[in-house]
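Letter by letter, the chains look like this.
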Amino acid sequence: MIAKIGGGKDTAGLIRYLFDTKKAKDHTDPHLVASWDGFAPDPGRADDFDATKRLLVADLDLHVKQARRLGRAPEKHIWHCSVRAAETDRILSDEEWADIARRVVAATGIAPDDDPDGCRWVAVRHAPDHIHIAATKVRADLRTARHWNDYITADRELAAIEKEYGLHKVVRGDRTAAKRPTRAEQEKALRAGQEKPARERLRATVRTAVAAASSMEEFVHLLSHLNGVLVEVVYFPSGDVRGYKVAAEDTTTAGKEPVWFSGSELAPDLSFPKIRQRLEAIDRQPADQPGRRRPNPWYQATAATERIPHRLDQDDDQASQAHLAAFGEALDALPLLTPQTLRTQLREAATAFERATRSRIGAEHHHTRALRGAVRAMVREPAPKDGAILAMFLDAAILVVIAAARWHELRHHDQQVAAAQETLHHLQAAYDQASVEPLAALASRRPPRQVVDRHIRQLRQVVPEHVDQIIEDPAFDALTTALAEAEAAGHNASTVLAQALTQRTLDDAHSPARALTWRIHRLADRHVPGPRTQAVTRAHHIAVPSTAPRPEQSRARRR
């Protein structure tokens, strides 16, 4: 159920609208279902509609007129709340709507339970799926009703009603979502031929700049050099930076100022102090040194991303929130680094996951230095020519989004769960497209049959419960190539397999062979350990799959 709350100063006008059946075509049978005392006159059931309507308005305004004589009546004395059921809900009876109305006015402070001086109110049902509650905000003791935060209290009560009545549970937020564009902003965008209002376009632009910047100075520089964006830095009298404002150039009209938005007006986490806090938590990438191989930032970002699901299973919620925010920045940067054919899906994924990066839990950003530093290094590198690198990152990203949905669900963050689920849809589509060519290239280099048979024996030894599924997987040829190339680089195939399995379970993998392929492909790029280290590592990891509890079992025991 959804509540919409407003106000006004014309009692007669509101009652006229609620009982109108001529102009409002969906007003099929307007009538009262409840009132402050149960005896209010009902114009919808009276022979003389006009006379009864005047009686109802007079009764509702009684205390308002008394308070007005004393100069104590509020100018806008009307409280108006509509409560609508979901399309999939059953049709509620008048008695059920009456109970809902009483609970809403009690919860919001309009007419608290067991308070004889509560405000006067009526609940009008003029359509099957919703009611309107009209109240005057002056109590019988001529004080104004205390109904602060009425939307929150009404929404909380409606959540309880949904559960008790077995109705559709509305996805509710925690008031950390970015502000939605106003209707005027949306209509202005339509007139200008823009797909999205300026507020949403600027929000995406600023988030991309944050993802690419490594300092506040660079952040402001990037914004200032983007086409179509105006930037104004705000200073304290001391000369220190206080904040920033941005505007879209297309919102500027002749003779008028552009429409400016501060960072906090775009989103809670885009305020100047919060951006500065995040940019301070970045690992600086090492400079090139003669004779020393520079780490691939894509591999570093993938490794940091792969660790996030494990971090989310820990008990540190503030660290988990920081990891989700840092991962959101990685998604913001991806459209800058990927082929044109993937950018639409990746932008949609980043936009959707933006909601999942925020909650009431504060983030401790120092936990995420590695990922943030790697993402900034990725932005400064040429776009990768090897599609396998991107496919590896997207494979790891999908696991993060699944883990994020589970993390938010355990904390009853309904909007964030829905955002993660939408993100998964877009990321999966991007991954399916990005992985086709690199998987085909690997499969085309399939090793000889005797090598494949040896790898099958190794799989039976290391992962016996999944071996048949892996062999039948369309990506099996690519996996055998990855194992063969790992061996060619000096790795032991069984050891690399065991390492891949300890870092990711196959229980939730849509394609276990594909999941192992990218993991082994990345592990093979690492420095090859010496013979003694390989022997110790192999002896340890081969035992892990049969003795280590699955993540789900570990979580169950912790609960």
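Scroll up for the structure.
Residues numbered from 1 in each chain as written. Predicted model: local features only at pLDDT ≥ 70, side-chain atom pairs only at ≥ 80, totals over all residues. Heavy atoms only, no water.

Participant: Help me understand the pairing of strand β3 (residues 78–84) in this model?
Facilitator: Each regular strand displays side chains that alternate between the two surfaces of the sheet. Most of β3 sits inside the fold, with six of its seven residues counted as buried. Across seven bridges, β3 lies against strand β5 (residues 130–136) in antiparallel orientation. Counted as the bridge partner of valine 83 is isoleucine 131 from β5. (Buried < 20%, exposed > 50% of the residue type's maximum accessible area, 1.4 Å probe, protein only. Helix = DSSP H or I, 4+ residues; strand = E, 2+ residues; numbered from the N terminus. Pairing = 2+ DSSP bridges.)

Participant: Just to check I follow, could you spell out the environment of valine 400 for this structure?
Facilitator: Along the chain, the position of valine 400 falls in helix α15 (residues 387–410). Separated by 33 residues in sequence, valine 400 and histidine 367 have C-alpha atoms that sit 16 Å apart. In this structure, valine 400 is in contact with Thr305, Ile308, Pro309 and Phe327, ignoring residues within four places of it in sequence. (Contact = heavy atoms within 4.5 Å.)

Participant: Mind showing me how you'd approach the sheet that holds β3 here?
Facilitator: Strand pairing in a sheet is mediated by backbone hydrogen bonds. Such pairs are either parallel or antiparallel. In spatial order, the strands read β1-β3-β5-β4-β2; together these five strands make up an open sheet with antiparallel pairing. For this open sheet the edge positions go to β1 (2–8) and β2 (31–35), each flanked by a neighbour on one side alone. Sheet twist, expressed as the average angle between the axes of neighbouring strands with direction ignored, equals 25 degrees. Relative to β3, β1 runs antiparallel, the two sharing seven bridges. Within the sheet, the bridge partner assigned to alanine 3 lies in β3 and is valine 83. (Axes fitted to C-alpha atoms, helices over the stretch in contact; angles between N-to-C directions.)

Participant: Mind showing me how you'd approach the environment of glutamine 66 here?
Facilitator: By the secondary structure assignment, glutamine 66 is in helix α3 (residues 62–69). In sequence terms glutamine 66 and alanine 140 are 74 residues apart; their C-alpha atoms lie 9.4 Å from each other. Looking at glutamine 66, its side chain comes within polar contact range of the side chain of histidine 63, at 3.2 Å. (Polar contact = N/O pair within 3.5 Å; in protein donor to acceptor, adjacent residues only side chain to side chain.)

Participant: Could you clarify how one ought to interpret helix α20 (residues 476–488) in this entry?
Facilitator: Along an α-helix, residues three or four apart share an orientation, since each turn contains 3.6 residues. Over its 13 residues, α20 runs 18 Å from end to end, which matches the ideal 18 Å to within 8%, given 1.5 Å per residue. Within α20, burial applies to Phe476, Ala478, Leu479, Thr480, Thr481, Ala482, Leu483, Ala484 and Ala486. Following α20 by one or two positions, glycine 490 has its phi on the positive side, about 105 degrees. (Expected span 1.5 Å × (residues − 1).)

Participant: What is the right way to look at the environment of methionine 392 in this model?
Facilitator: Relative to the helices and strands, methionine 392 resides in helix α15. Sequence spacing of methionine 392 and isoleucine 15 is 377 residues, and the spatial spacing of their C-alpha atoms is 62 Å. When neighbours within four sequence positions are excluded, methionine 392 is seen to be in contact with Tyr299, Thr302, Trp518, His521 and Arg522.

Participant: Would you explain empty space enclosed by the protein in this entry?
Facilitator: Leftover empty space is mapped by rolling, across the atoms, a probe with the size of a water molecule. Counting across every chain of the model gives two cavities of 30 Å³ or more. Volume-wise, the largest cavity comes out at about 60 Å³. Together, 11 residues line the largest cavity, and Glu306, Met392, Asp395, Trp518 and Arg519 are the ones closest to its centre. Listed by contribution, the elements that provide at least two residues to the lining of the largest cavity are α11 (297–312), α15 and α22 (512–523). Looking at side-chain class alone, the lining of the largest cavity contains five nonpolar, one polar and five charged residues. (1 Å grid on protein atoms, 1.4 Å probe; cavity = no way out; pocket = protein on both sides within 12 Å on 5 of 7 lines; lining within 4 Å. Points joined across faces, edges and corners; volume = space filled by probe spheres on them. Nonpolar A, V, L, I, M, F, W, Y, C, P; charged D, E, K, R; others polar.)

Participant: Would you explain the pattern of salt bridges in this entry?
Facilitator: Any two side chains of opposite charge can pair, on the condition that their charged atoms come close. Within the structure shown, the criterion is met by 35 salt bridges. A salt bridge links glutamate 96 to arginine 90, with the nearest nitrogen and oxygen atoms 3.0 Å apart. When its relative accessible area of 41% is taken as the criterion, arginine 90 is described as partly exposed. The shortest N-O distance in the salt bridge between arginine 143 and aspartate 141 comes to 2.9 Å. On the basis of relative accessible area, arginine 143 is assigned to the partly exposed category, the value being 42%. Each of Arg207, Asp269, Arg278, Glu329, Asp332, Glu354, Arg358, Arg372 and Arg376 takes part in a single network of salt bridges with overlapping partners. (Salt bridge = Lys/Arg side-chain N within 4 Å of Asp/Glu carboxyl O.)

Participant: Which parts of the structure should I look at to understand the side chain of glutamine 416?
Facilitator: Positionally, glutamine 416 belongs in helix α16 (residues 414–434). Polar contacts involving the side chain of glutamine 416 include one to the side chain of aspartate 174, which spans 3.0 Å. Here arginine 358 takes part through its backbone oxygen, which lies 2.8 Å from a polar atom of the side chain of glutamine 416. Once residues within four sequence positions are removed from consideration, glutamine 416 is found in contact with Asp174, Thr176, Arg355, Ala356, Arg358, Ser359 and His408.

Participant: It is not clear to me how the nonpolar core should be interpreted in this structure. Could you clarify?
Facilitator: Across soluble globular proteins, nonpolar side chains show a tendency to be buried alongside one another. Counting residues in hydrophobic clusters, the biggest one holds 78 residues, and the most contacted among them are Leu394, Leu427, Ile470, Leu516 and Ile520. In terms of residue count, α15 provides more of this core than any other element does, 15 residues in total. Excluding residues that lie within four positions of it along the chain, leucine 394 makes contacts with Leu334, Leu346, Leu427, Ala430, Tyr431 and Ala434. Counting residues in each nonpolar core, the second largest holds 29 residues, with Val83, Leu92, Ala145 and Ile161 among its members. (Core = buried A, V, L, I, M, F, W, Y, C linked by side-chain atoms within 4.5 Å.)

Participant: Would you explain the packing of α15 against α22 in this entry?
Facilitator: When two helices pack together, you describe them by how their axes are tilted relative to each other and by the distance separating the axes. Orientation of α15 relative to α22, taken along the N-to-C sense of each, is 120 degrees, at an axis distance of 10 Å. It follows from the interaxial angle that α15 and α22 lie oblique. Here α15 and α22 pass one another in a crossing that is left-handed. From α15, Ala388, Ala391, Met392 and Asp395 reach across to α22, where they touch Ala515, Trp518, His521 and Arg522. Its residues assigned to classes, the contact of α15 with α22 comprises five nonpolar, one polar and two charged. (Parallel < 35°, antiparallel > 145°, perpendicular 65-115°, else oblique. Left-handed = near helix turned anticlockwise from the far one by under 90°.)

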